[in-house]
Structure formats: structure tokens, C-alpha cells
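# Understanding the architecture of this molecule
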Amino acid sequence: MGRFVVRRLLLTIPVLLGASFLIFAMVYALPGDPVRALAGDRPLAPAVVAQLREDFNLNDPLIVQYAKYLGGLAHFDLGVDFSNRPVLDTISQRLPVTIKLTVVAVLFETIIGLAAGVLAGIRRNSFFDNLVLVSTTLIISIPILVLGFVSQYVFGLKFGWFPIAGINDGWYSYLLPGLVLASSSLAYVARLTRTSIAENMRADYVRTARAKGLPNRTVILRHTLRNSLIPVVTFIGADVGALLGGAIVTEAVFNIPGIGRAVFEAVGQQEGAVVVGIVTLMVFFFIFFNLIVDVLYAVLDPRIRYD
Amino acid sequence: MTEQQQRDLRHDEVEAGTQSVLATPRVDVTDARQNSLWSDAWDSLKRNPLFWIGSFLGVFFVLMAIVPQLFSGGADPRDCDLSNSKQAPSGSHWFGFDQQGCDYLANVAYGARNSLMIGLLAVIGVLVIGVIVGAIAGYYGGIADSLLARLTDIFFALPLILGALILLRVGPSTGLPIISDRGAGAVAIALAAFGWMTAMRLVRSQVIAVKSSDYVAAARAMGASNLRILTRHILPNAVAPVLVFSTITVGVLIAAEATLTYLGVGLQRPAISWGLQISTGQSLLRTAPHLVLFPSIILSLTVMAFIMLGDALRDALDPRQRS
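Everything numeric in this text was worked out from a predicted model, so none of it was measured.

Rules and cut-offs
- Residues numbered from 1 in each chain as written.
- Chains lettered and ligands numbered in written order.
- Predicted model: local features only at pLDDT ≥ 70, side-chain atom pairs only at ≥ 80, totals over all residues.
- Heavy atoms only, no water.
- Helix = DSSP H or I, 4+ residues; strand = E, 2+ residues; numbered from the N terminus.
- Buried < 20%, exposed > 50% of the residue type's maximum accessible area, 1.4 Å probe, protein only.
- Contact = heavy atoms within 4.5 Å.
- Areas by Shrake-Rupley, 256 points an atom, 1.4 Å probe, with all protein chains shown as cover.
- Lys, Arg positive; Asp, Glu negative; His and termini not counted.
- Charge placed at Lys NZ, Arg CZ, Asp CG, Glu CD.
- Phe/Tyr/Trp six-rings, centres within 6.5 Å; stacked < 30°, edge-to-face > 60°.
- Lys NZ or Arg CZ within 6 Å of the ring centre and 35° of its normal.
- Buried area = accessible area lost by both parts, 1.4 Å probe.
- Salt bridge = Lys/Arg side-chain N within 4 Å of Asp/Glu carboxyl O.
- Polar contact = N/O pair within 3.5 Å; in protein donor to acceptor, adjacent residues only side chain to side chain.
- Nonpolar A, V, L, I, M, F, W, Y, C, P; charged D, E, K, R; others polar.
- 1 Å grid on protein atoms, 1.4 Å probe; cavity = no way out; pocket = protein on both sides within 12 Å on 5 of 7 lines; lining within 4 Å.
- Points joined across faces, edges and corners; volume = space filled by probe spheres on them.
- Axes fitted to C-alpha atoms, helices over the stretch in contact; angles between N-to-C directions.
- Parallel < 35°, antiparallel > 145°, perpendicular 65-115°, else oblique.
- Left-handed = near helix turned anticlockwise from the far one by under 90°.
- Core = buried A, V, L, I, M, F, W, Y, C linked by side-chain atoms within 4.5 Å.

Further remarks concern the overall build of chain A. Summing up its helical and strand segments, chain A has 13 helices and zero strands in all. The order of helices and strands in chain A, counted from the N terminus, is α-α-α-α-α-α-α-α-α-α-α-α-α. Structurally, chain A occupies a C-alpha span of about 85 × 55 × 30 Å along its principal axes. Scored against the burial criterion, the 307 residues of chain A give a buried share of 44%. Across chain A, the fraction of contacts at a sequence separation of at least 24, relative to all contacts at a separation of at least 6, is 73%. A total of about 15,100 Å² of accessible surface is found on chain A, and carbon and sulfur atoms cover 64% of it. Taking the average place of the 25 positive charges on the side chains of chain A and the average place of its 20 negative ones, the gap between the two points comes to 15 Å.

So this is what it looks like as C-alpha cells:
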């Protein structure tokens, strides 16, 4: 196990470097001259422009710029944006918001998705099972953008149950965006649980458990559920990494100041350092949670051995 | 072995001057009752309501994309009268009017073309990249496989919307032919560039699974070239899963296009697009909710059509799920 984890950790390094370089290369071809954009209407003196270009390494070739960036990254210096604010500041201010949103989304995903999936899987082809199948198809088909607006309109404007934008009401204001962000994962969790349970209900060991007279509760909770949950737990684990980086649309629709919104704004304002910093962080989360899931697999399922 | 593969093997054998049992046409009394994967699939599709709903919606929206005039109720989407601004839906104008006083039904109907075109183009792009990279990685293995798998991991770690967002924002300044014109082609390329990874993994695993089978060994023993083995003997096996994947992906990419356009980097005015309609309607959600509602519903139905079709195809083509 230890060797496997180390090997996987080493393998993530080229992926992380590659992804950040890809973003870096794309971002530093952003249109327009950011220094001129910074100056606004009053043109800057040529000497000031030259100094700024020098400060932000804009004169170096791409690969040198990237090397200097990596050098800073090595001691947690992600650079500064054009108003001289450290990118790390922006991240540490915005990240907690996105983490809260992700926590709410994962809770919804786990609780609702699991409950629906288990109930549907136990009674296959029942009314509830078909209801789950149809509603998950619907949820998966509705783009998150549309789901955001519809829930804003219905629950925010019509019924007035939830605030429709911002985070001024504490955790309460995260509920609606969290549910919207969780929607498609929730549907996948429900389907995955359903298939997995339905498959295991036919397994030999379940029949054995019933044959030796165990009560239905024990058969389902102790035998079926525990084995069926392995793919579900790993899906949710990997999804945490995806949600942390995938909240751009939700944060835009609900006007939530998380890192998704920050990166979207930064792309618009040509703040290269912010974009690269945040996207690298998102990629890191994604890779990190996938690594955890791989290790988790071995812990949950004793048949899997990595060494 | 399918008939196609048997015919191909026979062709290779004739060239090599050999003959094997595998390649000789079978005379089998039970043959009449043996169905191919595709005829079995069709039998199961016919009985699946998802398939019929999906195909109906799919045909409906493809028609709408080709001849939007049929669905616009005779109105021209660009024939606007400000005095009709934001009028609610009525009997003669089912979807009402937008802020400029344009007939909204016509606008929504004409939006189908861009969405479907980008969805299809992007999927073609995804397939081209995915099949080429996946086939090379799976077939040659070794160093090529390791490098391509890492490359795929790199792209996989970037969220689709984020990657496409940055590429489209950078696009106009690059001066590249299609990327810089901010049109449907640019959006399709951006989506394909950051959406091909699953197709690659799918093809790669299929290729690896089939590579070591006997009939591939037979074809190789008779001196068939790598390219021939790959295209005639191995890739046809990957058609079923790739077909399922592409059908679903059309839907996913149509949704992604609307999202990118909503975020301001996709299609630009004066293009007619559901994403633009939703984005304009957002600020009028309180006074004229129908401006967000109608393009949203039509967009969702379009996405749903492809996802349902894909689901139905998967149920039909995966023999393990058959009882």
C-alpha cells in the first residue's frame, strides 16, 4: 500500500505540471496588453510601462516566465495581480466560500442520492424505482444553468423561501445553490446505488444470508448495502474534487464569491496570475481527491491489493 | 466473430494464400436463429419507450434546426417592433416577445440550428481526437501508451467549461483561422479540445481488450499491416460503446455550448442562440420570466433527447445487461 501511494503521488507531479503549463500557455496569450488595460484612459509614461512589464516578467519568453512562476510556487508565492494584491490572498478569501458550497452539495448528494438509490434498488421495477429512473434522467438532462434559473425563479422569487443571490444569510444562503450544484451528481449517485444494490440483491451471499434466517434489515444493511456502497463512496470522493473546480456556473448564476467566480472574473480582466493560480489549485484538488479514492478502494474492498 | 470480421479475415487469407477454419464460411443449421448484436439491439430498442421519446424529440429538433420556418409560426426572428417589448405569451404568439419586441417563438426556433450544429461538430472533433489517440495508445502500448495516458490525465484534470472558457477568451487574439472568429466553429473546437478524454479512454480499453484475441493474432500471422488490423479488425469492436458515448455527449456538449455562450465567450450577437437568450433574459427574470423559461425548456428537451437515446442504446447494446 505504501509503495502504491508513493508511486501514485509521483505520477501526479507530471500531470499537475502539465495542466498548469497548459493553462499558463493559454492565459499568457490573452488578448490585449494588460499593462495598457491597467492604465485606463490616461496613458502611462513609457518608462513606467517598461518597468511594469519587467516586474511581471512579460518580456521573457513563455518558458522562462513559467520557470519563474514555478520558482515562486516552490515557496508558496503565487505572484500578485495587477493591483499588487497577492494571488494567495484572493484564494484564501474566496476558497472558504467554495468549500462551504461544496460541503452543502456533497451532503445533498449523499443523503438524497443514497436514500433514493437504496429504496429504488431494493424494490426493483416498483413505482418508486421507476420514479427514480425518470427523475434522474430529467435531472441529468437539464443543464445546471437552467436548473439554477428555474430554482431561483420558483423558490426565490415566487415562494420567497431562499435568497436568490449572494451569501449574506450564512449557511442558509448556500442551500439552494448547493442543491443546484449537487443535482447531476445526486442523480448519478442515485443511479449508481440503485444498479449496485439491485446487482448485489441477486448475489449468492445475500441468498445465503437469507437462507440462514437473518432478518431482512440485517441482510440489507449489513450485507447488501456495505458491498454496494464501494462504487458509490468512490464516486462521491472523486466528485468532491470535481465540485471544487466545477462551480463556475453555479457561482455565476447565484452570484456567490467563490473561486469559480474569481477565476471567471480573472479571465475577463486578463489577470493571468490569478487564473493560473486558481486553476492550478482546482487541478490539484481534482488529482488529490482521485488519489484518495484510489487508496480508499483498497481499504473498502479487501479483494483489491495494489502491491 | 462478426460476419464483417470473417470477410476481412478471408480477404487477408486470400492475399496470404492460406486458408483457415475461421475464415471459411460456416454452414450451420442453427445459423438462422443466431442474431447479430445489432439485430438483437434493435429488438430491444423497439420495446424501449425511452428510445421512442428520445428519437421523437431528436427528429423534432433536427427538423427545427434544418427548417426553423416550419416552427416559427410564420414570424421572422429579426422582424421586431419595440411596441411589443416583453409582451407575455398569447394565442397568436405562443412564446410572447422579447425586450426588442421580436417574436420569441421564432427566435427560439431559429436557435436550434446553432446548438445542434455545435453539438454535432464538437462530437465529431471529440471522436476524431479520441479515436486516433486512443487507438494509438491502446495498440502500440509501452512508451506511447504511457505518454498519451499522461497527456489525457492532464486534460482530464481541467474542467471542460473552464478550459473552453479560457481558450475562447484567448481565441480572437491568436489569429488562428477558425478559433479567432468567435463563431460556431470556434466553440465546437474549444469543446472538442477539452472534451475528448473519455472517448480516448473508451477506445483505448476496447483496443487493449481485443488486441490479444485469436482472430487478431490470425490476421497478424497472415501479414496484415498494423493499420489494416487496427481499422478492419479492432476498431469495429469499439463501435457500440463509442456510439453510446457520442449520443450522450452530443447532449452534454449542447448544454456546455449554452453555458459558454451564457458566460459571454461563446456565440456573440447577432447570432441567435439559446445561451444568449437565457443570458439576456436573466436580468428580466422578475418582469418577464418567459424570456428565460422558453429557451431553457427547449434547451433541456434537446439535451434530454440525446441523453435518452444514448441511455436506450446502452441498454440495447450491452449484452451483459440482457436477461
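Residue and element names in this part refer to chain A. Within helix 12 (residues 259-268), seven of the 10 residues are buried, which leaves it mostly tucked inside the rest of the structure. The complete set of buried residues in helix 12 reads Ile259, Gly260, Arg261, Ala262, Val263, Ala266 and Val267. Once helix 12 ends, the next one or two residues include Gln270, with phi positive near 55°.

One pass over the full model with this rule turns up 23 aromatic pairs over all chains. Summarising the aromatic geometry, the rings of Phe155(B) and Phe194(B) are spaced 5.7 Å apart at their centres and angled 45° between planes, so their arrangement reads as tilted. Placement of Phe155(B) in helix 5 (residues 142-156) and of Phe194(B) in the loop between helix 7 (184-193) and helix 8 (197-211) is noted, with a sequence separation of 39 residues between them. Assigned by exposure class, Phe155(B) and Phe194(B) land together as buried. One aromatic cluster is present, formed by Phe155(A), Phe159(A), Trp161(A), Phe162(A) and Tyr172(A) through successive ring pairs. Directly above the aromatic system of Trp171(A) lies the positively charged group of Lys100(A), at a separation of 5.6 Å from the ring centroid. The ring of Phe156(B) has Arg201(B) lying over it, and the distance from NZ or CZ to the ring centre is 4.1 Å.

Attention shifts here to the interface of chain A and chain B. Residue-level contacts link 42 residues of chain A with 36 residues of chain B. Contact between chain A and chain B buries roughly 3,500 Å² in total, counting both sides, with carbon and sulfur atoms accounting for 82%. Looking at the side of chain A facing chain B, the largest losses of area belong to Met26(A), Leu145(A) and Phe149(A), adding up to 17% of the total buried there. Taken together, chain A and chain B are joined by one salt bridge. Where chain A meets chain B, there are three residue pairs in polar contact (both at pLDDT 80 or more). Sort the elements by how many residues they give to the side of chain A that touches chain B and helix 1 (residues 2-27) of chain A lands first, with nine residues. For the side of chain A that touches chain B, the residue count by class is 34 nonpolar, seven polar and one charged.

For the rest of this paragraph, the subject is empty space enclosed by the protein. Applying the stated criterion to the full structure yields one cavity of 30 Å³ or more. Reported here for the largest cavity is a volume of approximately 60 Å³. Taken together, Phe149(A), Val150(A), Tyr153(A), Leu285(B), Pro289(B), Val292(B), Leu293(B) and Ser296(B) form the lining of the largest cavity. Within the residue set of the lining of the largest cavity, elements represented by two or more residues are helix 7 (144-158) of chain A together with helix 13 (290-317) of chain B. Here the lining of the largest cavity is composed, by residue class, of seven nonpolar, one polar and no charged.

Residue and element names in this part refer to chain B. In the contact formed by helix 11 (residues 239-262) and helix 13, the axes pass within 8 Å of each other and the chain directions differ by 165°. The orientation of helix 11 relative to helix 13 falls into the category roughly antiparallel. In this structure, the crossing between helix 11 and helix 13 has a hand that is left-handed. Contacts between helix 11 and helix 13 involve Ala240, Leu243, Val244, Thr247, Ile248, Val250, Gly251, Ile254, Ala255 and Ala258 from the first element and Leu299, Thr302, Val303, Phe306, Ile307, Leu309, Gly310, Asp311, Leu313, Arg314 and Leu317 from the second.

Ranked by size, the top nonpolar core spans 138 residues in total, and within it Ile23(A), Val275(A), Val279(A), Ile166(B) and Leu260(B) carry the most contacts. Ignoring anything within four residues of it in the chain, the contact list for Ile23(A) reads Val275(A), Val276(A), Val279(A), Leu158(B) and Ile166(B).

All names here are of chain A. Turning to its location among the elements, Lys100 is positioned in helix 5 (residues 87-122). Residue class for Lys100 comes out partly exposed when judged on its relative accessible area of 33%. For the pair Lys100 and Ala45, spaced 55 residues apart in sequence, the C-alpha separation works out to 45 Å. With residues near it in sequence (within four places) discarded, Lys100 still touches Trp171 and Tyr174.

Now for the packing of helix 6 (residues 127-141) of chain A against helix 8 (residues 175-201) of chain A. Residues and elements named next belong to chain A. Packing of helix 6 against helix 8 brings their axes to within 9 Å, and their N-to-C directions diverge by 145°. The handedness of the crossing between helix 6 and helix 8 is left-handed. Contact residues: helix 6 offers Asp129, Val132, Leu133, Thr136, Thr137, Ile139 and Ile140, while helix 8 offers Ser183, Ser184, Ala187, Tyr188, Ala190, Arg191 and Arg194. In terms of residue class, the contact of helix 6 with helix 8 is built from seven nonpolar, four polar and three charged.

Applying the stated criterion across every chain yields a total of 13 salt bridges over all chains. Residue Arg201(B) is joined to Asp153(B) by a salt bridge in which the shortest nitrogen-to-oxygen separation is 2.7 Å. Linking Arg201(B) in helix 8 with Asp153(B) in helix 5, this pair joins segments that are 48 residues apart in sequence. Connected via shared salt-bridge partners are Arg94(A), Arg261(A) and Glu265(A).

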